[in-house]
Amino acid sequence: MKYIFKKLTEAKEKGLYRGDFKYLDSCQAPRVEIDGREIILLGSNNYLGLCNDARLKEAAVQAVNQYGVGAGGSRLTTGSYVLHRKLEEKIAEFKGTESSIVFNTGYMANVGVISTLCDRKWVIFCDKYNHASIIDGCLLSRARLIRYKHCDMKDLERKIREYKGENNLIVTDGVFSMEGDLAPLSDIIKLAKEHEMLIMVDDAHGMGVLGENGSGTVSYFNANEDVDIQMGTLSKAAASVGGYVAGKKYLIDYLRNFSRSFIFSTALPPASIAVSLESIDIIRNDVNRRNYLKELTQWFKEELEFAGFHVTDTITPIIPLIVGDAGKTVEFFKNLLEDGIYVPAIRPPAVPKGSSRLRISLMATHTYNDLQYVLDKVKLHGKRLGVIEG
Ligand SMILES: Cc1ncc(COP(=O)(O)O)c(C=O)c1O
């Protein structure tokens, strides 16, 4: 079809074409095998380095032996296992909420909760840099969508005064996935209280990294009582798969009954649920892992800043190297790959036009040695490409 070819050609011309996937032939770890070469991996969401953890592998094996491999049905029919119930209880306890519900992915959780809660009678105030799954949930809900400038509380307040309706929701990422910065949650809470609005936080990138016992951004801001909907994913620091929503019992009951992305999909297999159960325990107890990641991140950021890169002022292991032009970002990516470093090039629509970047993210299993090598190469190519001054 002409239309499809035209779209693909346009994407290629703008440096936005995605087809050349890198296929890993080893586990998700600081060093991976790609096309027979050992490569340093820098863009993973496996922040705590648990994807290859022996305890999690054992949990999966045990669950496979006891329950088999497939769930066999959706949660409302034959696909609910005792493990699902245990995980939902554990997430609620971990997040300090009354109840929780597990979806198959974070994407499905966002789409599910927003489109079930909101309809045409709602107004949703949404940070411009929120994750695509939040936007898709908003669009599916048919609520009025008002996007405010990234983390800009003046803009949010102005827009609330102008557009506030009968039912209102403010939704924000806790940690922004492509920036690594934190939402100004205390200020958002103040505005929400003043205007009697609900708050939802997507904590995909905060869980395991921030807050008391790694329970996430809401805990970091000491805001468990003030956030109505805590959403997150088990696919990043928890090294598993699945999304969740945690909150009041009646909210979770409502989602169980009406959320289409929960109802009309086969449940997650027992092995994935068993891994999530075990990894939440590890996240809670392994403080050293979290602290090491924090120290490593701080050192790495300081080194980048010293070399002249602009680095987000934040405490998370997400470190975007902003290049700007999409083509140049891909060139930077290719140069690093030739030197044995794999860091994804992020381009529109994942980020705004003109802000293409390499999204570096660190893992608690990276070593200072490997990262020193990375720094040398990033500086070298950054200078050559004019990202930093030579
Ligand atoms: C902020 C944010 N929310 C939601 C998701 C979706 O989670 P999942 O990968 O579990 O679908 C992601 C990442 O993919 C994310 O970065």
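Everything quoted here is computed from the prediction, not taken from an experiment.

## Examining the pattern of salt bridges
Right, so step 1: Per the counting criterion, the structure on display carries 20 salt bridges.
Right, so step 2: In this structure, R158 and D155 form a salt bridge, with 2.9 Å as the shortest nitrogen-oxygen distance. With R158 and D155 both in helix α6 (residues 153–163), this residue pair falls three residues apart, about one helical turn.
Right, so step 3: With a relative accessible area of 46%, R158 lands in the partly exposed category.
Right, so step 4: Under the relative-accessibility criterion, D155 is labelled buried at 4%.
Right, so step 5: Ionic pairing is found between R357 and E179, a salt bridge with its closest N-O pair at 2.7 Å. Placement of R357 in strand β13 (residues 356–361) and of E179 in the loop between β6 (167–173) and α7 (185–194) is noted, with a sequence separation of 178 residues between them.
Right, so step 6: Since its relative accessible area comes to 13%, E179 is described here as buried.

## Here's the deal with the site of the ligand
Right, so step 1: The ligand sits among 14 residues. The nearest are G106, D202, H205, T233 and K236.
Right, so step 2: One nitrogen or oxygen atom from the side chain of D202 is found 2.6 Å from a nitrogen atom belonging to the ligand.
Right, so step 3: Within the contact set of the ligand, an oxygen atom lies 2.9 Å away from a side-chain nitrogen or oxygen of K236.
Right, so step 4: For the ligand, whose unbound accessible area comes to 380 Å², protein coverage reaches 85%.

## A look at the layout of surface pockets
Right, so step 1: Taken as a whole, the largest pocket spans an internal volume of roughly 960 Å³.
Right, so step 2: Lining the largest pocket are 39 residues, with H131, A132, S177, M178 and A350 sitting closest to its centre.
Right, so step 3: Residue assignment for the lining of the largest pocket shows that the elements contributing at least two residues are α4 (106–117), α5 (132–141) and β8 (229–233).
Right, so step 4: A class-by-class count of the residues in the lining of the largest pocket yields 18 nonpolar, 14 polar and seven charged.
Right, so step 5: If you count residues domain by domain, the lining of the largest pocket takes at least three from each of domain 1 (15–48 + 287–384) and domain 2 (54–285).

## Some points on the sheet that holds strand β12 (residues 345–346)
Right, so step 1: Read from one edge of the open sheet, three strands run β10-β13-β12, paired in antiparallel fashion. Only two strands of the sheet have a single neighbouring strand rather than two, namely β10 (318–324) and β12.
Right, so step 2: Where β10 and β13 come together, six bridges link them in antiparallel fashion. From the neighbouring strand, I322 faces β13, where its bridge partner is R357.
Right, so step 3: Its contacts with the sheet place helix α13 (residues 326–338) against β10, β12 and β13, and it is angled at close to 35° to β13.

## Here we look at the pairing of β8
Right, so step 1: Among the five residues of β8, five are classified as buried, and the element is accordingly described as predominantly covered.
Right, so step 2: Pairing analysis gives three bridges linking strand β7 (residues 198–202) to β8, with the strands arranged parallel. Paired with D202 across the bridge in β8 is M231.
Right, so step 3: One ladder, built from four bridges, connects β8 with strand β9 (residues 243–247); its direction is antiparallel. Considered in β9, the bridge of Q230 is made with A246.

## Some words on the pairing of β13
Right, so step 1: In terms of residue burial, β13 counts as a mostly covered element, since six of its six residues are buried.
Right, so step 2: Here two bridges tie β12 to β13, and the two strands are oriented antiparallel to one another. What sits directly across from I346, in β13, is R357.

Criteria and thresholds
Residues numbered from 1 in each chain as written. Predicted model: local features only at pLDDT ≥ 70, side-chain atom pairs only at ≥ 80, totals over all residues. Heavy atoms only, no water. Salt bridge = Lys/Arg side-chain N within 4 Å of Asp/Glu carboxyl O. Helix = DSSP H or I, 4+ residues; strand = E, 2+ residues; numbered from the N terminus. Buried < 20%, exposed > 50% of the residue type's maximum accessible area, 1.4 Å probe, protein only. Near = heavy atom within 4 Å. Polar contact = N/O pair within 3.5 Å; in protein donor to acceptor, adjacent residues only side chain to side chain. Areas by Shrake-Rupley, 256 points an atom, 1.4 Å probe, with all protein chains shown as cover. 1 Å grid on protein atoms, 1.4 Å probe; cavity = no way out; pocket = protein on both sides within 12 Å on 5 of 7 lines; lining within 4 Å. Points joined across faces, edges and corners; volume = space filled by probe spheres on them. Nonpolar A, V, L, I, M, F, W, Y, C, P; charged D, E, K, R; others polar. Domains from an automatic or database assignment. Pairing = 2+ DSSP bridges. Contact = heavy atoms within 4.5 Å. Axes fitted to C-alpha atoms, helices over the stretch in contact; angles between N-to-C directions.

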